[in-house]
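Descriptive structure summary
Spelled out from the first residue to the last, the chains are:
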Amino acid sequence: SARRERESLVYQHIAKYAKPDDWTACWVTAQTLIIYWGLFWAACAYRGPLERLVCGTLIVVCGLTRTRVFCLMHDMAHQSFWSSRAANVVGATLLGSMVYTPYSGWKHGHDYHHRHSNNTDRKQNAQTAPLTVRQYEAMPLWRRAAYCAVYGHWSLLTTTPFFYFVVVQRFLSTWYENLLILLYWGCVFGSGSTRLVTVDLLSAAVGASMGFFLFHIQHTFEGAYKASSKDYSRFDNGMWGSSNLLVPPWLAFFTASIQYHNVHHLNTRVPLYRLRQCFEDGGALFEGVPTFTMTDALMRLPYSLRNDEDLSFTSCYDVFAKGDPTAEGRACGVG
């Protein structure tokens, strides 16, 4: 059929780019770390005119670069960044400590996400709209309020990202990953420099918020593919359940091409430094994939609950404001 032919052509095309290049990987890593630490120490050391404005700007750019560091760690966790498995594991562990993310826990949860994202028979805890409206309405009041506190759009890009990376991830880490974090914190907090602590925590907050913004639009949009286990297709999920975000040139360095998320879900072995070329060279093969501008993505921030029947989303604040759910609603969701 035409569908199977297209699927075959898409996978054949992507396979050509699913090969790491160690020289490119070295350059991308060195470039990223030099820029990150340069910005970090510049923000710590600057004393001069318009000090707060200059330092604030440096912290924001440093935080955005921290998002790029996370993207490199994410690629290494997929074993796609370097040709050596050991280099990927060591690199992901070390870079993970810089962005407060454990390689071990992240890999386990993220692999699950790639196997089951948008499968309506599976939990979607790795997404920013993990529950359906009916499941949400079935919960007691305190759990609905807690859900709003975590996934509501006022907290999704503010308190939730920072709390998730700095606190929650500590419980998903091995002892040696937490030891790396403790050593890092020992250097930062043990320095006695308020400026150093401020730069680290604020840049971490900026990086985490940018990461959550990218997570959100990757799968949370109206019409996103959904299917039960019986009918689930990883190809369809990659093509129609994962987005392509149009990022302005000035921001593209920080997102490290993760905005080509449909390609990434079709084949996780394509390194981030080849995602853009793979997508652009594919041309008509990727025609019709869900594509959004930054403005489109911002307009979808309120989406925090799913309606799997009509592939729509809504805000948990709106549902919460309706008050207590009906008895019927309680009977069909989670308890």
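Here's a quick rundown of the structure. Nothing here was measured: the structure is a model prediction, and the numbers come from that model.

Examining the packing of helix α10 (residues 175-190) against helix α11 (residues 194-219)
- Put simply, α10 and α11 touch, their axes get as near as 8 Å, and they point 135° apart. As the angle between them shows, α10 and α11 are arranged oblique. Where α10 abuts α11, its residues Y184, C187, V188 and F189 lie against L196, V197, D200 and L201.
- When grouped by side-chain class, the residues that make up the contact of α10 with α11 number seven nonpolar, no polar and one charged.

Quick look at helix α9 (residues 159-166)
- Residues of α9 that are buried: T160, P161, F165 and V166.
- Taken together, the buried residues of α9 touch α3 (51-77), α7 (141-151), α8 (153-156), α10 and α11.

What about the pattern of salt bridges?
- The final tally for this structure, using the stated rule, is nine salt bridges.
- A salt bridge links R3 to E7; the shortest N-O distance between them is 3.0 Å. With a gap of four residues between them, R3 and E7 both fall in helix α1 (residues 2-15), about one helical turn apart.
- On the basis of relative accessible area, R3 is assigned to the partly exposed category, the value being 38%.
- When its relative accessible area of 22% is taken as the criterion, E7 is described as partly exposed.
- A salt bridge links E280 to R276, with the nearest nitrogen and oxygen atoms 3.0 Å apart. Taken together, the residues E280 and R276, both in helix α15 (residues 272-282) and four residues apart, mark about one turn of the helix.

Topic: the packing of aromatic side chains
- By the definition in use, this model includes 27 aromatic pairs.
- With centroids separated by 5.4 Å and ring planes inclined at 40°, the aromatic side chains of Y260 and F279 adopt a geometry described as tilted. Residue Y260 is located in the loop between α13 (249-255) and α14 (261-266), and its partner F279 is located in helix α15; the two are separated by 19 residues in the primary sequence. In this pair, the class of Y260 matches that of F279, namely buried.
- Put simply, the rings of F70, W106, Y164, F165, F212 and F215 touch in pairs and so form one group of aromatic residues.

What to know about the side chain of S315
- With respect to the helices, strands and loops of the structure, S315 is situated in the loop between β5 (312-314) and α17 (316-321).
- Given the relative accessible area of 6%, S315 is considered buried.
- In this view, S315 contacts H153, P302, S304 and L305; residues no more than four positions away in its chain are not counted.

Description of the environment of W106
- With respect to the helices, strands and loops of the structure, W106 is situated in helix α5 (residues 103-116).
- Owing to a relative accessible area of 10%, W106 belongs among the buried residues under this scheme.
- Along the sequence, W106 and A92 sit 14 residues apart, while their C-alpha atoms lie 10.0 Å from each other.
- Discounting residues that sit within four places of it in the chain, W106 has contacts with F70, M73, H74, A77, T101, Q169 and F215.

A look at the side chain of S209
- Note that S209 resides in helix α11.
- On the basis of relative accessible area, S209 is assigned to the buried category, the value being 17%.
- What S209 contacts, discounting residues up to four positions off in sequence, is L157, T158 and P161.

Structural notes on a nonpolar patch on the surface
- A grouping of W175, Y176, L179, L182 and L183 is seen on the molecular surface, where their side chains present a nonpolar patch of about 580 Å² in accessible area.
- Topologically, L182 is positioned in helix α10.

Side note on the sheet that holds strand β4 (residues 305-307)
- Strand order in the open sheet made by the three strands is β1-β4-β5, with mixed pairing throughout. The open sheet terminates on both sides in strands that have one partner only, identified here as β1 (131-132) and β5.
- Sheet topology places β4 next to β5; three bridges connect them, and they run antiparallel. Across the sheet, the residue bridging to N307 is S312, located in β5.

Analysis parameters
Residues numbered from 1 in each chain as written. Predicted model: local features only at pLDDT ≥ 70, side-chain atom pairs only at ≥ 80, totals over all residues. Heavy atoms only, no water. Axes fitted to C-alpha atoms, helices over the stretch in contact; angles between N-to-C directions. Helix = DSSP H or I, 4+ residues; strand = E, 2+ residues; numbered from the N terminus. Parallel < 35°, antiparallel > 145°, perpendicular 65-115°, else oblique. Contact = heavy atoms within 4.5 Å. Nonpolar A, V, L, I, M, F, W, Y, C, P; charged D, E, K, R; others polar. Buried < 20%, exposed > 50% of the residue type's maximum accessible area, 1.4 Å probe, protein only. Salt bridge = Lys/Arg side-chain N within 4 Å of Asp/Glu carboxyl O. Phe/Tyr/Trp six-rings, centres within 6.5 Å; stacked < 30°, edge-to-face > 60°. Patch = residues over 30% accessible without salt bridge, like charges linked within 9 Å, V, L, I, M, F, W, Y side chains within 5 Å. Areas by Shrake-Rupley, 256 points an atom, 1.4 Å probe, with all protein chains shown as cover. Pairing = 2+ DSSP bridges.

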